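Now for the letters of each chain:
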Amino acid sequence: MNKLCFSLMLSTGLAFSAYAQEAPSFPGNRPQQQPTAIPGTADDNSPRGNGRISGTLVDSVSNQPVEFAAISLIDTKSNKPIDGTTTDDKGKFTLNRIAPGSYKLLISFIGYKGKEVKNISIDRRTEVELGNVVLTPDIVQLKEVEVVGQAAMIEEKVDRLVYNAEKDVTSKGGDAADVMRKVPMLSVDLDGNVSLRGSSNVRVLINNKPSTIIASSVGDALKQIPADMIKSVEVITSPSARYDAEGTAGIINIITKKNTLQGATLDLNTGAGNRGAMLGMRGSYRAGKMGFNLSGFGRANYNMKGYSDNLQVGLSPLNPFTIRQATDSRNAGMFGSYQLGWDYDISKTSFLTASIRYGTRNQLSSQDISTFRSLGVIPTTTSSYREVDVKDLSGTVDVNVDYTKTLRKPQQEVSVLTQFSRNNRTNNFDADLFSDNNTLKELIGQEGNRNNSYNQESTVQVDYQTPIKNNQMFEIGGKAIMRQVLSNFSYYSSLNVPRPANELNYDQNVAASYFSYTYTTKNKYSIKIGSRYEYTVINANQGEGDLNIPNYGNLVPSVNLSKTLKGGRTIKLGYNRRLQRPGIQFLNPNINAANPQNITVGNPNLAPELTDQLEAGTSWFKKSVFINMSVYARTTNNSIESIRTTDERGVITTTYGNIGQKQTYGTNIFGNMTLLSKWQIGGGIDGYYVFLTNNSPDPALFASNEGLVLSGRFFSNLTLPKGWGLQGMAFIRGRDVQLQGYQTGFAFYSMGFKKDFTNKKGSIGLATENFLFDAFKTRTELATPAFTQSNTNLLYNRGVRVTFQYKFGKMSFDAPSRRNRKSVNNDDVKSGGDGDGGGQPQQASPAPAAAPGGGGGGRPRQ
């Protein structure tokens, strides 16, 4: 614990020591493109002074930054250009070394009306801060037909890929999993679990914030987030040292819709279909320096059925067995998410934000399981039947309070971020047991399991950044995370002596410090290096016995190099090391025997995984066409893998161990284009080859596998006259390679249309998915030296829904200057499925120029 405190104090001390530094301005806190001179402007030999002009460009409709716009400085006497630059990825720009005189700014960007800022006077040491400069989208009226440039559905930013979900028609009325299926590099399995480049070791954030509900199950968390409230999804495959070391594949950040304009507004969203219904409301109010946001969402799922057929065959000549199970399931659930946000501009240089969120999930499942057994060399045949009711209930609260202060120099700031998050979960099952003589089912007993648990996090974080000259940035920070996990479990049975009750207490404290340095050259090379050290202290006990899990420290370096070339092309090379700590579903020693032929139990002695990855990529854009290509290699040691054993009754018990090694080599190609300013089409292909082994010294448990995994997606978005819009998408994944076998591929597809009302305040739409067939089938095949298992699942996923949206209230655009809000990112706990893949860096290039206004499989590992 002393090492924990020392590391945190060292981080905080370094941060506040750096607080006192003074340095000239710098264009951004991430690797930036070197500011590009506007043709015809002055070079370095022109007369210069000590004046400075800076500001931020924002879109008048979305109030979002306008990136890579051209800024020209014009001498009002000669009417000739004197200097120029472009805005960075946050819409910011700075012109330095300006001689005394009178000037004006000319601002231009494709899809926007030109902007002129007049009457700028520079004296000997004048610093002019323009604040937010608003650009208006260029809209042309042609005989009552409105022509509006479309913003790209997929954008490539300096360090991330962005999918603009708010322009997605087909996902309305759905949840976040429906949106994720359309995002390049992501794959969502049939249970809603997300993988990035085939690896489920991803960290999912909501508005840059973690949540303990995601720590419990990513798939369940996505069901609590309505698609209608998602503005965009950001995919970061090569995080810098500023991010927590965990999440070996990368980070997925879900950005929800917000309002920062003056006035009051209320949005209503509702929808209903054959498998679910939802109702959501989002309200906001802003006056002067203070703003409030309140949102609520509820959804009911119904008519969700499934069927599976499972065959297990024992290979021992002394104890052979054949077990066949047929399961009919019926699922229903209620989900809700409610949030109140508040922000206040204390002064021009400091602001305070706070939010509280509550999420709830009530998932109910009824299963009818028929089991047929044949045991022994001389087969003895028996059968049984059970009806199982499973309750998975969850409630999560997240509270954030954050303070940020900007200092004397542009991009120089310090922030103090805090968060409290707690998830309470109840996971119970009750089973009625029947004899099955094929003619009469007789109730012979009951059994069940009670498992109540909570997962709690408290976080304090301090960050500081300062520019060095005009082409360097230095960042430093410290963080402390205090986690407490408690799991109580008990059993009952009217037929046998039940297992004894027990509990797991698992406290994990993490102290971290980091630094990051960015250097940009005149010939458009950018290098960013960083390192992060994390020390983890664990105190755990199961029942009366201490687990004696050793403490450990990890140093995780990162290096990213990028180069901007002519013709809108960029190249990038990156290396980083990541780690993945085990989550509660791996650690929980509760014996889950809802299906007595397939029992699962966690392992509280698990250690973290370590991953090294090397990534390279290039991107190219011209006019309305954007293409990205990349390759990557990744090695994971000490990986957490399933360990399956069987007994003479054919019961398979699954637990987990740090016995695996994974090597993945992959590539990705994706792109999008806009035709005639009305029609967007895009898609991509992901492919990787993976080598898997568990390195077990026991021949009965040893396993290895390798193979190629392919997936692809396609989308199309068409904007029609008079407010009509049409959209379609398809996703397909080929056979997935697993350690002990494989899972067959699957596909999703959807179509939808939307009609905007004449007053632009509302819309009505219709969406449908997987409408060609009532159900589709997947099969999983596993083989070990002791047994084989074949499982076939039918998923009834045909759906249709009607959606309605309407906005009340009126907003004005005289908003005060809004700054980037920071918040806690606890991206450090393992979640997802059992697949593996890789990631690659994002390219330092803008999205195709366009105007806004247009329309891995496996069980959850957390």
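Analysis parameters
Throughout, residues of each chain are indexed from 1 in the direction in which the sequence is written. Where totals are concerned, whole chains, interfaces and linings use all residues; where local detail is concerned, this predicted model gives features only for residues with pLDDT of at least 70, and gives and counts side-chain atom pairs only at 80 or more. Just so you know, side-chain values use all the structure's heavy atoms and leave hydrogens and water out. Starting at the N terminus, helices and strands are each numbered in turn, a helix being any DSSP run of H or I of at least four residues and a strand any DSSP run of E of at least two. Burial classes follow relative accessibility: with a 1.4 Å probe on protein chains only, a residue under 20% of its type's maximum area counts as buried, one over 50% as exposed, and anything between as partly exposed. Each accessible area value is a Shrake-Rupley result obtained with a 1.4 Å probe; residue values ignore everything except the protein chains displayed when judging cover. Between any two strands, pairing holds if DSSP finds at least two bridges. The axes used here are C-alpha line fits, helices contributing only the stretch in contact, and every angle between their N-to-C directions lies in the interval 0 to 180 degrees. One speaks of a salt bridge when a side-chain nitrogen belonging to Lys or Arg is within 4 Å of a carboxyl oxygen belonging to Asp or Glu. Confidence scores per residue from the predictor, reported as pLDDT, run from 0 to 100. Only heavy atoms enter the contact rule, under which two residues are in contact if any of them lie within 4.5 Å. Two rings from Phe, Tyr or Trp (for Trp, the six-membered ring) form a pair when their centres sit within 6.5 Å of each other. Planes less than 30 degrees apart are called stacked, planes more than 60 degrees apart edge-to-face, and all others tilted. Charges are assigned to positions over rings by a cutoff of 6 Å between ring centre and Lys NZ or Arg CZ, combined with an angular limit of 35 degrees from the ring normal. In plain words, nonpolar cores are sets of buried Ala, Val, Leu, Ile, Met, Phe, Trp, Tyr and Cys residues tied together by side-chain atoms within 4.5 Å. Whenever a nitrogen or oxygen atom comes within 3.5 Å of another N or O atom, the pair is scored as a polar contact, on the condition that within protein one atom can donate a hydrogen and the other can accept it, and that pairs from neighbouring residues in sequence are kept only if both atoms are in side chains.

Engineer: Account for the overall build of the protein chain, with residues named and values stated.
Structural biologist: When helices and strands are counted, the protein chain shows five helices and 44 strands. Evaluated residue by residue, the protein chain yields a buried proportion of 55% over its 862 residues. In the structure as shown, the protein chain presents an accessible area of about 35200 Å², 58% of it carried by carbon and sulfur atoms.

Engineer: Account for the sheet that holds strand β7 (residues 127-135), with residues named and values stated.
Structural biologist: Within a sheet, neighbouring strands are paired by backbone hydrogen bonds and run either parallel or antiparallel to one another. On the basis of which strands lie adjacent, the open sheet formed by three strands has the order β4-β1-β7 and mixed pairing. Each of the sheet's edge strands pairs with one partner strand only, and the pair in question is β4 (92-98) and β7. Averaged over neighbouring strand pairs, the angle between their axes works out to 15° when direction is ignored. When strand β1 (residues 51-59) meets β7, the two strands line up parallel, connected through seven bridges. Within the sheet, the bridge partner assigned to Ser54 lies in β7 and is Glu129.

Engineer: Now, about the pattern of salt bridges: what can you tell me, with residues and values included?
Structural biologist: Taken as a whole and judged by the stated rule, the model has 22 salt bridges. With a shortest N-O distance of 3.7 Å, Glu116 and Lys104 are connected by a salt bridge. Remark: Lys104 occurs in strand β5 (residues 101-108) and Glu116 occurs in strand β6 (residues 115-122); sequence separation between them is 12 residues. Residue Lys104 is classed as buried on the basis of its relative accessible area, which comes to 18%.

Engineer: Please give an account of the confidence of the model for the protein chain that cites residues and values.
Structural biologist: A residue-level look at the protein chain finds 78% of positions with pLDDT of 70 or above and a mean pLDDT of 78. Averaged pLDDT values over the elements of the protein chain bottom out at 34 in strand β9 (residues 145-148) and peak at 93 in strand β25 (residues 472-493). Confidence drops under a pLDDT of 50 for residues 139-151, and excluding neighbours within four residues, the segment shows 39 contacts in the predicted structure. Segment residues 831-862 is flagged for pLDDT under 50; beyond a separation of four residues in sequence, or across chains, it makes 186 contacts in the model.

Engineer: Can you tell me about the packing of aromatic side chains, naming the residues and giving the values?
Structural biologist: Within the structure shown, the criterion is met by 13 aromatic pairs. For the pair Trp342 and Tyr344, a centre-to-centre distance of 6.2 Å together with 5° between the ring planes defines the contact as stacked. Since its relative accessible area comes to 28%, Tyr344 is described here as partly exposed. For the pair Tyr665 and Phe691, a centre-to-centre distance of 6.3 Å together with 80° between the ring planes defines the contact as edge-to-face. Of this pair, Tyr665 sits in strand β34 (residues 652-675) while Phe691 sits in strand β35 (residues 679-693), and the two are 26 residues apart along the sequence. Judged by its relative accessible area of 41%, Tyr665 falls in the partly exposed class. The lysine or arginine in question, Arg422, covers the ring of Tyr454, its NZ or CZ lying 3.9 Å from the ring centre.

Engineer: Just give me the short version of the sheet that holds strand β3 (residues 80-86), but keep the residues and values in it.
Structural biologist: Overall, antiparallel pairing links the four strands, which are arranged β3-β2-β5-β6 in an open sheet. Lying at the two open borders of the sheet, with one neighbouring strand each, are β3 and β6. The sheet shows a mean angle of 25° between the axes of neighbouring strands, taken without regard to direction. Pairing analysis gives six bridges linking strand β2 (residues 70-75) to β3, with the strands arranged antiparallel. Note that in β3 the partner of Ser72 across the bridge is Gly84.

Engineer: Please provide a residue-by-residue account of the nonpolar core, values included.
Structural biologist: Of all hydrophobic cores here, the largest spans 26 residues; its most connected members are Met180, Leu186, Ile230, Val233 and Ile252. Listed by contribution, the elements that provide at least two residues to this core are β11 (161-163), α2 (176-180), β12 (186-188), β13 (194-196), β14 (202-206), β15 (230-236) and β16 (250-256). With four residues, the top contributor of residues to this core is α2. Excluding residues that lie within four positions of it along the chain, Met180 makes contacts with Leu186, Val188, Val194, Leu222, Val233, Ile252 and Ile254.

Engineer: Requested: an account of the pairing of β35, with residues and values cited.
Structural biologist: Within a regular beta strand, the side chains point alternately toward one face of the sheet and then the other, so they alternate between its two faces. Relative to β35, β34 is paired through 15 bridges, and the arrangement is antiparallel. Residue pairing in the sheet places Tyr665 in a bridge with Tyr689 of β35. Here β34 hands over to β35 after three residues, with Leu676 in that stretch at a positive phi of 55°. Of the pairings in the sheet, the one linking β35 to strand β36 (residues 704-719) comprises 15 bridges and is antiparallel in character. Looking at β36, one finds that Gln680 is bridged to Asn717.

Engineer: Please give an account of the side chain of Asn603 that cites residues and values.
Structural biologist: Position of Asn603 among the secondary structure elements: in the loop between β31 (598-600) and β32 (609-622). In this structure the side chain of Asn603 is engaged in a polar contact, spanning 3.0 Å, whose partner is the backbone nitrogen of Asn605. When neighbours within four sequence positions are excluded, Asn603 is seen to be in contact with Phe586, Leu587, Thr655, Tyr656 and Gly657.

Engineer: Tell me about unusual backbone geometry, and please be specific about residues and values.
Structural biologist: With a phi close to 55°, Asn119 is a non-glycine residue in the positive phi region. Relative to the helices and strands, Asn119 resides in strand β6. The exposure class of Asn119 is exposed, given its relative accessible area of 76%. In the Ramachandran plot, Asn638 falls in the positive-phi region, its phi being about 60° despite a non-glycine side chain. In this fold, Asn638 is placed in strand β33 (residues 625-646). Of the residues examined, Asn638 reaches a relative accessible area of 32% and is grouped as partly exposed.

Engineer: I'd like a rundown of the pairing of strand β43 (residues 787-795), residues and numbers included.
Structural biologist: Pairing of strand β19 (residues 290-314) with β43 involves nine bridges; the strand directions are antiparallel. Across the sheet, residue Gly314 finds its bridge partner in β43, namely Phe787. Sheet topology note: the strand β42 (residues 776-783)/β43 ladder contains eight bridges and is antiparallel. Residue pairing in the sheet places Arg779 in a bridge with Thr792 of β43. Here β42 folds back onto β43 in antiparallel fashion, the turn holding three residues.

Engineer: Any details on the environment of Ala99? Residues and values, ideally.
Structural biologist: Examined against the element boundaries, Ala99 turns out to sit in the loop between β4 and β5. For Ala99, a relative accessible area of 18% puts it in the buried group.

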